[in-house]
Amino acid sequence: MNVVNEWAFIGVFVAVAWIFPTLPIALAAFVSPRKPNAIKMQTYECGVETVGDTWVQFKVQYYIYGLVFLVFDVEMIFLFPWALAYNQLDFFAFGAGLLFIFLLTDALIYAWRKRALEWV
Amino acid sequence: MECTDIINTLAACLEVSGTDPGLAQFIQILLGVVIVTMAPLIVVILLIWVERKFAARVQDRIGPNRVGPYGLLQTIADALKLIIKEDITPAGADRLIYNLAPIISVVSVVLIWAVIPFSPIHIGVDLSIGALYFVAVGSIGTLAIMMAGWSSNNKYALLGAFRVVAQLVSYEVPMVFALLVPVLIAGSMSMQGIVEAQRGMWFVILSPVAALIFFISTQAETGRAPFDLIEAESELVAGFNIEYSGMKFGLFFAGEFVHVFTNALLMASLFFGGWVGPAVDQVPALGFIYVVLKAAIFYLFSLLLRNTLPRVRIDQLMAFNWKFLVPVSIVNVIVVAFLLQVVRALGLAPSAELSNDFIANLPQAIVLLVGSLAIVIYVLQQLRNFGRQERLSQQTVTVRKEDEVDMLPAQAAH
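All values reported here derive from a predicted model rather than from experimental measurement.

Caption draft 1: Representation of the nonpolar core in the model. The biggest cluster of nonpolar side chains holds 121 residues, and the ones touching the most others in it are Phe72(A), Phe134(B), Phe177(B), Phe271(B) and Trp322(B). If one sorts the elements of this core by residue count, helix H7 (residues 155–186) of chain B sits on top with 17 residues. The residue makeup of this core includes at least three contributed by each of domain 1 (1–84) and domain 2 (85–333) of chain B. When neighbours within four sequence positions are excluded, Phe177(B) is seen to be in contact with Phe72(A), Met76(A), Leu79(A), Leu104(A), Ser329(B), Ile330(B) and Val333(B). Among the nonpolar cores identified, the runner-up in size contains 13 residues, and Tyr98(B), Ile104(B), Met147(B) and Ala148(B) belong to it.

Caption draft 2: Structural detail: the pattern of salt bridges. All names here are of chain B. Throughout the structure, instances matching the rule amount to five salt bridges over all chains. Here aspartate 87 makes a salt bridge to lysine 248, at a shortest N to O gap of 2.8 Å. Separated by 161 residues along the polypeptide, aspartate 87 in the loop between helix H3 (74–83) and helix H4 (95–112) and lysine 248 in helix H12 (residues 246–271) bring together distant segments of the chain. Note that arginine 199 and glutamate 196 form a salt bridge whose closest N and O atoms lie 2.8 Å from each other. Given the relative accessible area of 22%, arginine 199 is considered partly exposed.

Caption draft 3: Geometry of the interface of chain B and chain A. At the junction of the two partners, chain B supplies 86 residues and chain A supplies 69 residues. Buried surface at the junction of chain B and chain A, summed over both partners, amounts to about 7,000 Å²; 77% is from carbon and sulfur atoms. Put simply, chain B and chain A have zero salt bridges between them. At the boundary of chain B and chain A, one finds five residue pairs in polar contact (both at pLDDT 80 or more). Contributions of two or more residues to the side of chain B that touches chain A are made by helix H2 (21–58), H4, helix H5 (130–138), helix H6 (140–151), H7, H12 and helix H14 (314–345) of chain B. With 19 residues, the top contributor of residues to the side of chain B that touches chain A is H7(B). For the side of chain B that touches chain A, the class distribution of residues is 59 nonpolar, 14 polar and 13 charged.

Caption draft 4: Local environment of the confidence of the model for chain B. All names here are of chain B. With 89% of its residues at a pLDDT of 70 or more, chain B shows a mean pLDDT of 81. Helix H10 (residues 208–221) holds the highest mean pLDDT among the elements of chain B, 89, whereas helix H1 (residues 10–16) holds the lowest, 67. This prediction of the complex comes with two scores: 0.86 for pTM and 0.85 for ipTM.

Conventions used here
Residues numbered from 1 in each chain as written. Chains lettered and ligands numbered in written order. Predicted model: local features only at pLDDT ≥ 70, side-chain atom pairs only at ≥ 80, totals over all residues. Heavy atoms only, no water. Core = buried A, V, L, I, M, F, W, Y, C linked by side-chain atoms within 4.5 Å. Buried < 20%, exposed > 50% of the residue type's maximum accessible area, 1.4 Å probe, protein only. Helix = DSSP H or I, 4+ residues; strand = E, 2+ residues; numbered from the N terminus. Domains from an automatic or database assignment. Contact = heavy atoms within 4.5 Å. Salt bridge = Lys/Arg side-chain N within 4 Å of Asp/Glu carboxyl O. Buried area = accessible area lost by both parts, 1.4 Å probe. Polar contact = N/O pair within 3.5 Å; in protein donor to acceptor, adjacent residues only side chain to side chain. Nonpolar A, V, L, I, M, F, W, Y, C, P; charged D, E, K, R; others polar. pLDDT = per-residue confidence, 0-100.

Quick look at the structure:
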């Protein structure tokens with residue numbers, strides 16, 4: 001298969017993959033009973049009425065982990081081309097890769113020292 | 001083009017019988033897609049039965065044994081039950097996102113199956129960036145769980161969604177670093193290319209550290225014990241899926257079961273040679289048996305982990321990832337890259353013609369294995385030092401507390 005066909009396959013795959021999980025839900029919508037009432041539709045919280053708004057501001061620690069992840073995720077993408085061509089490259093490529101990974105590790109050490117990785 | 005094998009040359013067959021070439025090709029693609037998407041959904045019926053039987057044996061029970069022979073039809077009965085259950089949407093839920101979440105969680109896992117090679121010729125599509133594709137598609141599952149937790153309008157569910165952000169997202173970092181090692185050794189990102197490169201030697205021998213890290217982080221990615229903080233029953237009731245009922249609840253679990261098996265398949269393909277085995281070139285169908293057998297071992301192993309290990313605390317979970325797995329996986333990539341250059345400089349690397357030969361691969365494998373062992377020994381040494389320091393600091397704390405207790409009656413006497 002050529003490159004266009006490969007991605008055509010993925011395109012069709014994405015479309016078809018949606019059908020199979022949607023089918024049982026659609027089937028259930030026809031078959032299952034539907035008798036909603038106010039108490040049944042309450043938020044499930046140990047039988048007590050929920051207090052206050054649910055969509056609140058959250059602990060900042062989760063956000064920091066998200067940020068640290070973002071740094072790594074973006075930089076790791078750049079390592080893949082390096083790994084891909086590595087077999088054809090000489091020792092200089094190892095040095096270049098090492099330098100890049102060192103910069104990445106630098107970010108990790110910085111976050112570590114700033115106590116961004118502590119669960120407080 | 002000739003019309004010989006009906007499945008592999010369907011387009012040619014249709015063209016011979018006078019169909020429009022574009023349409024013929026589309027029908028061929030569609031047929032392939034339907035086969036590959038059906039596979040995980042049929043497999044999941046069996047997987048749920050295996051999982052329940054296995055969990056039952058671990059807990060000294062019999063497990064499902066009433067519906068059908070050995071309880072094999074239990075899953076189908078359960079699916080029917082789930083379909084006729086009332087589907088309750090809580091008041092105040094974000095309806096669109098709430099309904100989309102379970103579907104996306106299944107879709108994200110099924111999409112991974114497009115690039116899993118089952119034999120030299122049986123693969124959905126051999127993308128040239130297959131390894132990157134499955135990471136990208138797999139992380140959509142994280143999004144689905146976040147959507148479910150957020151849209152349910154329930155505080156427990158929201159806490160579950162928060163933990164997803166912390167856990168699933170963090171464990172992707174060591175997973176991708178571990179994935180870098182097979183790409184580095186094979187010099188290819190297509191899944192078929194990575195499996196082909198293991199004809200001579202499985203990558204687990206070249207880099208056992210990467211294999212172990214990949215296994216641990218994929219175990220965390222599925223969100224099951226010991227990493228099941230996102231649905232921790234005893235703290236968050238059910239976590240992100242608390243408000244779901246009926247078939248939508250069922251889909252989350254179907255997605256999870258397939259995800260575990262998919263990870264086992266990836267583990268087998270990336271590190272344990274995938275379909276590589278005796279006589280696979282003559283009879284490609286044997287590849288199915290090899291890869292599924294290898295995957296079954298990892299599947300059962302992760303079931304064993306799930307059923308025997310206690311849940312970790314969230315601070316332990318995050319510290320284990322960022323302060324242990326990430327540094328170790330970075331060091332592992334550097335060591336493997338360095339040793340690959342050394343091996344080539346010394347002329348120990350197998351030549352292109354001999355790359356399928358076990359003996360020719362042996363010198364390279366031994367060098368890399370020694371490198372991995374060096375990492376393992378160093379890490380164990382560091383862990384031992386760390387543990388000793390922890391114990392010492394705890395001892396001094398308790399001693400100080402005892403001193404204070406002793407002083408109190410003395411002060412009272414004054």
